[in-house]
2 protein chains.
Amino acid sequence: MSDLGNLAAFLDEGWRHLQQGVADSQSPARYPTFATVSPEGLPEARTVALRHAAQAEAVVEVHTDILTPKVKALKASPRAAIHVWIPRSQVQIRLTTTAEILTGKAAEDAWVQVPPTSRVSYGTMPDPGTPIKEVFGYKKPPVRDRFAVLHCRVDHIDLVHLGERHRRAEYVRSDGWRGTWLAP
Amino acid sequence: MSDLGNLAAFLDEGWRHLQQGVADSQSPARYPTFATVSPEGLPEARTVALRHAAQAEAVVEVHTDILTPKVKALKASPRAAIHVWIPRSQVQIRLTTTAEILTGKAAEDAWVQVPPTSRVSYGTMPDPGTPIKEVFGYKKPPVRDRFAVLHCRVDHIDLVHLGERHRRAEYVRSDGWRGTWLAP
């Protein structure tokens, strides 16, 4: 058993889960919940696929079609809460982030790495969320100009581990991620 | 294979997943993400345990300590987005709800059914989220007056099934949950 009272080790553990999510599509951290506030001020949450997680810069990335409501929400308010629950480890990871929407040339490096079979996720016609008459009354052509990277700068991390005794800590960018234990 | 183009059957399938979450602590629907908007207008998301799901009234319930930030958020704005991703079935369930905070007598029936060993989830000292000096520098006495039921009236349901061809539908309370297919 590692040192349960070590704040830095706990933070490393959180990032390790995120990096495993990027590397392994079977990992629960592959599919975080991405929560935003709609232009009307309402909470919204949906599954996303985690595409990048870098502890050094404290950045995570997901990909999206620019015509989805989450992009509309982020244009109104760029803050996104990213939430992961790892059942086997009983670990909850909560990131508070500020998202930048990268398109065009800024998204080129990411686009070329998207497998051709996955590119159809960007370009659904009619637009995602449009009512249609038949269950399969839509097409999914790949549309390069609909692809965006959501580059999420992490501002705050809240980690919880439900063990024999629970551990909870928060970490903030502004003090260099030193961390503080919290009552769970 | 059931009728993929049947809106009512798709809705039933969504509720079946939720009810399984209530019945089985191993089910992924047991631990939805509960998203709210903070009093400052920021998105917040955390894991909750699903305690009740009734299709007839379109209501779900979770339990909470009244001193948590989600209760503060709901007092400022009672809307909550509840999100479930079922990996094995590749089904996403998104509920838009209006939450009522039940305490005291209104929460009595639920409290008596909480096992004594679980009652310590309501009453952490110092208050949840308070900085503490040591990792285990807190106590967890059961405090009856800190227990609340979040009674969430479902207003809108968005279901997605990622199959060979994706299916997506939305359902609203205001038309009796008839449902409409959406472009995914």
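What counts and how
- Sequence order as written defines residue numbering, which begins from 1 separately in each chain.
- Chain letters and ligand numbers both follow the written order, the letters beginning at A and the numbers at 1.
- Note on the predicted model: pLDDT of at least 70 is required for a residue's local features to be given, and 80 or more for side-chain atom pairs to be given and counted; whole-chain, interface and lining totals, by contrast, use all residues.
- Only DSSP runs of H or I covering at least 4 residues are called helices, and only runs of E covering at least 2 are called strands; the numbering of each starts at the N terminus.
- Neighbour counting defines burial: a residue surrounded by 20 or more other C-beta atoms within 10 Å of its own C-beta is buried, one with 12 or fewer is exposed, and intermediate counts give partly exposed, using backbone-placed C-beta atoms.
- We call two residues in contact when their backbone-placed C-beta atoms lie within 7 Å.
- Only strands that DSSP links by at least two bridges are regarded as paired with each other.
- Polar here means any residue outside two lists: the nonpolar Ala, Val, Leu, Ile, Met, Phe, Trp, Tyr, Cys and Pro, and the charged Asp, Glu, Lys and Arg; Gly therefore counts as polar.
- Here the copies are matched by least squares. The fit uses the C-alpha atoms of residues with pLDDT of at least 70 in both.
- pLDDT is defined as a per-residue confidence score from the predictor, taking values between 0 and 100.
- Joined through C-beta atoms within 7 Å, a set of buried Ala, Val, Leu, Ile, Met, Phe, Trp, Tyr and Cys residues constitutes a nonpolar core.

### Concerning the environment of Ala99 of chain B
All names here are of chain B.
Then step 1. Tracing the chain through its elements places Ala99 in strand E6 (residues 91-102).
Then step 2. For Ala99, a count of 26 C-beta atoms within 10 Å puts it in the buried group.
Then step 3. A sequence separation of 70 residues divides Ala99 from Ala169, and the C-alpha atoms of the two residues are 23 Å apart.
Then step 4. For Ala99, the residues in contact, after removing those within four places along its chain, are Leu74, Pro78, Ala80, Leu150, His151 and Cys152.

### Looking at the pairing of strand E4 (residues 59-65) of chain A
Residue and element names in this part refer to chain A.
Then step 1. With four bridges joining them, strand E3 (residues 50-54) and E4 adopt antiparallel strand pairing. The residue of E4 that forms the bridge with Leu50 is Val62.
Then step 2. Here E3 hands over to E4 after four residues, with Ala58 in that stretch at a positive phi of 55 degrees.

### Focus on the interface of chain A and chain B
Then step 1. Each partner contributes to the interface: chain A provides 41 residues, whereas chain B provides 41 residues.
Then step 2. Looking at the side of chain A that touches chain B, its residues break down into 21 nonpolar, twelve polar and eight charged.

### As for the relation of the copies chain A and chain B
Two copies of one chain are present, and they are related through a rotation about an axis combined with an axial shift.
Then step 1. For the match of chain A to chain B, the screw axis carries a shift of 0.0 Å, the RMSD comes to 0.0 Å, and the turn is 180 degrees. Taken together, the rotation and translation relating the two chain copies correspond to the operation of a two-fold axis.
Then step 2. Of the interface residues in chain A, 100% have counterparts in chain B that sit at the interface too, so the contact is made through matching surfaces.

### Comments concerning the pairing of strand E2 (residues 43-47) of chain A
As a general feature of sheets, a regular strand has side chains that alternate between the two faces.
Then step 1. Most of E2 of chain A is tucked away: four of the five residues are buried.
Then step 2. Linkage of strand E1 (residues 33-37) of chain A to E2 of chain A, two consecutive antiparallel strands, is achieved through a turn of five residues, within which Gly41 of chain A is found at a positive phi near 90 degrees.

### What to know about the confidence of the model for chain A
Close inspection of predicted coordinates is inappropriate for parts of the model with low pLDDT.
Then step 1. Summing up the model confidence of chain A, the mean pLDDT is 97 and the portion of residues at 70 or higher is 99%.
Then step 2. Predicted complex metrics record ipTM = 0.96 and pTM = 0.97.

### Side note on the nonpolar core
Then step 1. If you look at the biggest cluster of nonpolar residues, it comprises 80 residues, and the most contacted ones within it are Val60 and Ala80 of chain A together with Ala35, Val60 and Ala80 of chain B.
Then step 2. Ignoring sequence-local partners within four residues, the contact set of Ala35 of chain B consists of Ala35, Pro43, Ala45 and Ala81 of chain A together with Pro43, Glu44, Ala45, Ala80, Ala81 and His83 of chain B.

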